[in-house]
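Okay, here's what each chain looks like letter by letter:
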Amino acid sequence: CQAGDVAGACLSNAEAETVNGQFGLSCPIHNAGLDAEKIEESDLPDVNCFKAAWVAENAETACGESTDKDGNACVWCQTNGDVAGACLSSAEAEMANGQFGLNCPIGNAGLDELLGS
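Worth saying up front: this structure is predicted, and the values here are computed from it rather than measured. (Residues numbered from 1 in each chain as written. Predicted model: local features only at pLDDT ≥ 70, side-chain atom pairs only at ≥ 80, totals over all residues. Heavy atoms only, no water.)

### Some details on the overall build of the protein
Assigned secondary structure in the protein consists of 5 helices and 6 strands. Ordering the α and β elements of the protein from the N terminus gives β-β-α-β-α-α-β-β-α-β-α. Put simply, 31% of the contacts in the protein that link residues at least 6 apart link residues at least 24 apart. In the form shown here, the protein has an accessible surface area of approximately 7,600 Å², with 49% of it arising from carbon and sulfur atoms. (Helix = DSSP H or I, 4+ residues; strand = E, 2+ residues; numbered from the N terminus. Contact = heavy atoms within 4.5 Å. Areas by Shrake-Rupley, 256 points an atom, 1.4 Å probe, with all protein chains shown as cover.)

### A few points about the packing of aromatic side chains
Applying the stated rule across the entire model yields 1 aromatic pair. Measuring from ring centre to ring centre gives 5.3 Å for F50 and W54, while their planes differ by 35 degrees; the resulting arrangement is tilted. Of the two residues, F50 and W54 both sit in helix α2 (residues 48-54), 4 residues apart, roughly one turn of that helix. Given the relative accessible area of 32%, W54 is considered partly exposed. (Phe/Tyr/Trp six-rings, centres within 6.5 Å; stacked < 30°, edge-to-face > 60°. Buried < 20%, exposed > 50% of the residue type's maximum accessible area, 1.4 Å probe, protein only.)

### Quick word on the sheet that holds strand β6 (residues 102-103)
Taken in spatial order, the 3 strands line up as β5-β4-β6 in an open sheet, and their pairing is antiparallel. In the strand order of this sheet, the two ends are held by β5 (85-88) and β6, each with one partner. Sheet analysis places strand β4 (residues 75-79) next to β5, joined by 4 bridges and oriented antiparallel. Looking at the pairing, C77 lines up with A86 of β5. (Pairing = 2+ DSSP bridges.)

### Considering the state of the cysteines
Under the criterion given, the structure shown has 4 disulfides. Shown here is the disulfide that connects C1 with C27, its sulfur atoms set 1.9 Å apart. Note on the C1 and C27 pair: the S-S dihedral is about 115 degrees, so by sign convention the disulfide is right-handed. Remark: C27 occurs in the loop between β3 (25-26) and α2 and C1 occurs in the segment before β1 (2-3); sequence separation between them is 26 residues. Both residues of the pair, C1 and C27, count as buried. Two residues share a disulfide in this structure: C49 and C74, whose sulfurs sit 2.0 Å from each other. (Disulfide = S-S within 2.5 Å.)

### Section: the side chain of S89
Along the chain, the position of S89 falls in the loop between β5 and α4 (90-96). By relative accessible area, which is 5% here, S89 ends up buried. Excluding residues that lie within four positions of it along the chain, S89 makes contacts with D46, C49 and D68.

### Side note on the confidence of the model for the protein
In the predicted model, the protein carries a mean pLDDT of 76, and the fraction of residues at 70 or more is 75%. Note on residues 108-117: pLDDT is under 50 here. Beyond four places in sequence and across chains, it has 4 contacts. (pLDDT = per-residue confidence, 0-100.)

See the structure below:
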């Protein structure tokens with residue numbers, strides 16, 4: 001998906017269909033024989049946390065104040081050695097922790113780390 005001339009996001013077809021036309025994103029949709037009626041909403045990724053950070057002036061703060069589609073707190077995952085990060089649902093953060101340079105506070109250990117305990 002392209003956001004203007006300088007930014008973009010690599011998303012699955014299902015994610016692209018969900019965010020196409022939102023947040024200034026333009027996504028080419030490739031159905032590749034998929035029947036959209038057969039895709040359950042639960043099969044789609046949770047984009048609530050991503051959306052909260054994408055449109056905010058302070059993504060990390062917005063992430064901490066947002067919830068995923070199930071009402072659980074979003075998680076801010078810091079990139080190693082950088083000020084950037086990603087706002088993910090707790091399930092996504094568990095999968096992404098340690099991947100792509102992301103450091104995500106997971107479970108009580110992550111909470112203790114954030115609180116300085």
